[in-house]
Amino acid sequence: MADRMRNYLVREEFLTYAYILLYIALSSGQIFFNKWVLSSKEINFPYPLGLTLLHMVFSSVLCFVLTKVLKIMKVEEGMTAEIYATSVIPIGAMFAMTLWLGNTAYLYISVSFAQMLKAIMPVAVFILGVAAGLEVMSCRMLLIMSLISFGVLVASYGEININWIGVVYQMGGVVGEALRLIFMEILVKRKGIKLNPISVMYYVSPCSALCLFIPWIFLEKPKMDARGAWSFQPLILTLNSLCTFALNLSVFLVISHTSALTIRVAGVVKDWVVVLLSALLFADTKLTIINLFGYGIAIAGVAAYNNHKLKKEATRGTSNESQQAESIPLTSSSTTEK
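Computed from a predicted model, the values in this text were never measured in an experiment.

Undergrad: Mind showing me how you'd approach the overall build of the protein here?
TA: Of regular secondary structure, the protein possesses twelve helices and zero strands. Secondary structure elements of the protein occur, N-terminal to C-terminal, as α-α-α-α-α-α-α-α-α-α-α-α. Residue burial in the protein is summarised as follows: out of 338 residues, 43% are buried. For the protein, contacts bridging at least 24 residues in sequence account for 86% of all contacts bridging at least 6.

Undergrad: It is not clear to me how the side chain of glutamine 115 should be interpreted in this structure. Could you clarify?
TA: Tracing the backbone shows glutamine 115 in helix 4 (residues 111–118). Dropping the residues within four chain positions of it, glutamine 115 is found in contact with Ile31, Tyr106, Lys270, Asp271, Val274, Val275 and Tyr295.

Undergrad: Where do I start with the pattern of salt bridges in this structure?
TA: Pairing is possible between side chains of opposite charge, provided their charged atoms come close. Under the definition given, this model contains three salt bridges. Residue arginine 180 is joined to glutamate 177 by a salt bridge in which the shortest nitrogen-to-oxygen separation is 2.9 Å. Taken together, the residues span about one helical turn, with arginine 180 and glutamate 177 both in helix 7 (residues 164–189) at a distance of three residues. Lysine 221 is the partner of aspartate 225 in a salt bridge, and the nearest nitrogen-oxygen pair spans 3.0 Å. Here the residue aspartate 225 and the residue lysine 221 both occupy positions in helix 9 (residues 221–226), the gap between them amounting to four residues, near one helical turn.

Undergrad: So what exactly am I meant to see when it comes to the packing of helix 5 (residues 121–132) against helix 6 (residues 139–157) here?
TA: Helix packing for two helices is described by the angle between their axes and how far apart those axes are. Two numbers describe how helix 5 lies on helix 6: the axes approach to 9 Å, and their chain directions differ by 140°. Crossing angle aside, the handedness with which helix 5 passes helix 6 is left-handed. Touching Pro122, Val123 and Phe126 of helix 5 are Met141, Met145, Ile148 and Ser149, all from helix 6. Taken together, the residues that form the contact of helix 5 with helix 6 break down as six nonpolar, one polar and no charged.

Undergrad: Please explain the nonpolar core as it appears in this structure.
TA: Nonpolar side chains in soluble globular proteins tend to end up buried together. Core analysis: the biggest nonpolar cluster contains 72 residues, and Val37, Phe45, Val111, Met145, Ile148 and Val152 have the highest contact counts within it. Top element by residues in this core is helix 8 (residues 197–219). It accounts for eight residues. Beyond its immediate sequence surroundings of up to four residues, valine 37 is in contact with Ile43, Asn44, Phe45, Leu51, Ile236, Leu237 and Asn240. Within the second largest apolar cluster, seven residues are counted, among which are Tyr19, Tyr23, Leu247 and Val254.

Undergrad: Any chance you could explain the environment of leucine 107 here in plain terms?
TA: Within the secondary structure, leucine 107 is located in the loop between helix 3 (81–105) and helix 4. On a C-alpha basis, the gap between leucine 107 and glycine 166 in space is 7.3 Å, while along the polypeptide they are 59 residues apart. With near-sequence residues (within four places) excluded, leucine 107 lies in contact with Leu38, Pro46 and Pro48.

Undergrad: Sorry, what's going on with unusual backbone geometry here?
TA: Working note: non-glycine residues mostly have negative phi, and peptide bonds are mostly trans. The backbone of lysine 71 shows a phi angle near 55°, a positive value even though the residue is not glycine. Secondary-structure assignment places lysine 71 in the loop between helix 2 (48–69) and helix 3.

Undergrad: I tried to follow the packing of aromatic side chains on my own but got confused; where do I start?
TA: Geometrically, a pair of aromatic rings is defined through the distance of the ring centres and the angle of the planes. Counting across every chain of the model gives six aromatic pairs. For the ring pair phenylalanine 45 and tyrosine 47, a centre distance of 5.2 Å and an interplane angle of 85° mean the geometry is edge-to-face.

Undergrad: Can you help me understand helix 2 in this one?
TA: Each full turn of the α-helix corresponds to 3.6 residues, which orients residues three or four apart in the same direction. An ideal rise of 1.5 Å per residue puts 32 Å on 22 residues; helix 2 measures up with 30 Å between its terminal C-alpha atoms. The first or second residue beyond helix 2 is lysine 71, which carries a positive phi of 55°.

Undergrad: Where do I start with the environment of histidine 55 in this structure?
TA: Among the structural elements, histidine 55 can be located in helix 2. Overall, histidine 55 belongs to the buried group, its relative accessible area being 4%. Once the C-alpha coordinates of histidine 55 and leucine 242 are considered, the two residues, 187 residues apart in sequence, prove to be 8.1 Å apart.

The rules behind each value
Residues numbered from 1 in each chain as written. Predicted model: local features only at pLDDT ≥ 70, side-chain atom pairs only at ≥ 80, totals over all residues. Heavy atoms only, no water. Helix = DSSP H or I, 4+ residues; strand = E, 2+ residues; numbered from the N terminus. Buried < 20%, exposed > 50% of the residue type's maximum accessible area, 1.4 Å probe, protein only. Contact = heavy atoms within 4.5 Å. Salt bridge = Lys/Arg side-chain N within 4 Å of Asp/Glu carboxyl O. Axes fitted to C-alpha atoms, helices over the stretch in contact; angles between N-to-C directions. Left-handed = near helix turned anticlockwise from the far one by under 90°. Nonpolar A, V, L, I, M, F, W, Y, C, P; charged D, E, K, R; others polar. Core = buried A, V, L, I, M, F, W, Y, C linked by side-chain atoms within 4.5 Å. Phe/Tyr/Trp six-rings, centres within 6.5 Å; stacked < 30°, edge-to-face > 60°. Expected span 1.5 Å × (residues − 1).

Right under this line is the structure:
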């Protein structure tokens, strides 16, 4: 029995690390894949809005096929028109904004610098969380946020080929992602809806596609028409969309075997991998000592933020267990009403 349990634990630990490595590989690979597709020197499909729209349409169709046609996966119940209008539509709109602006930034700034700017994400999430009443301002959190901001500022100061248009696009994507996370937290905490990633993508992807389709008609379609025949490589773009969908599934696998916090920690590792690999793969990436020093400070702040959230979640979990224990009568014939 002991050997069987030991083998089971070893197998589960192996699967957990395998899923984490899969997430890091897919996430890093998707960033480079998008840069490669958008780059004028490579695939030359300089339409970030169109590329993101393609991802969302592909995801919508694939989710429908998996859940309604093949019925391999199940869409969780509990969605109402009111919840869809007040939560899913804002989440879809912010998701579209995040992907659109984030991909557009790759046209102007290097992959490594984009990742450095993304380190400011916890600051945006915390500030918006305080405004929404989901977070509480404290001296410790203020110090952590200041550390992250200072690190990103130093990293930006060390950037050789800084392009402010790209910075604005990237920061817009950061704000969009922060708002999406806030709306997701409101959906779970205040409305009590818990959906697996397939269900989330099933509901959110069509909404995001619609939010992207409208600006695409006015902003990018005229440019694509002006070039005559669209520079559209079906195989490359289909593989790119499939990688995006696989990335979302890898997030589900990691969270189901560990926690959402593990994704954040793995994201930090992924960011370092992307920063270092981009310096080797792309000619527009020139890392300086100031870059790395500032990014190191920002990552230290992100690590402190993740540690604070871990302790907070652990305390909340202990408190919930204590409340449940107090609510159950200490008799052998006790029953609980649901």
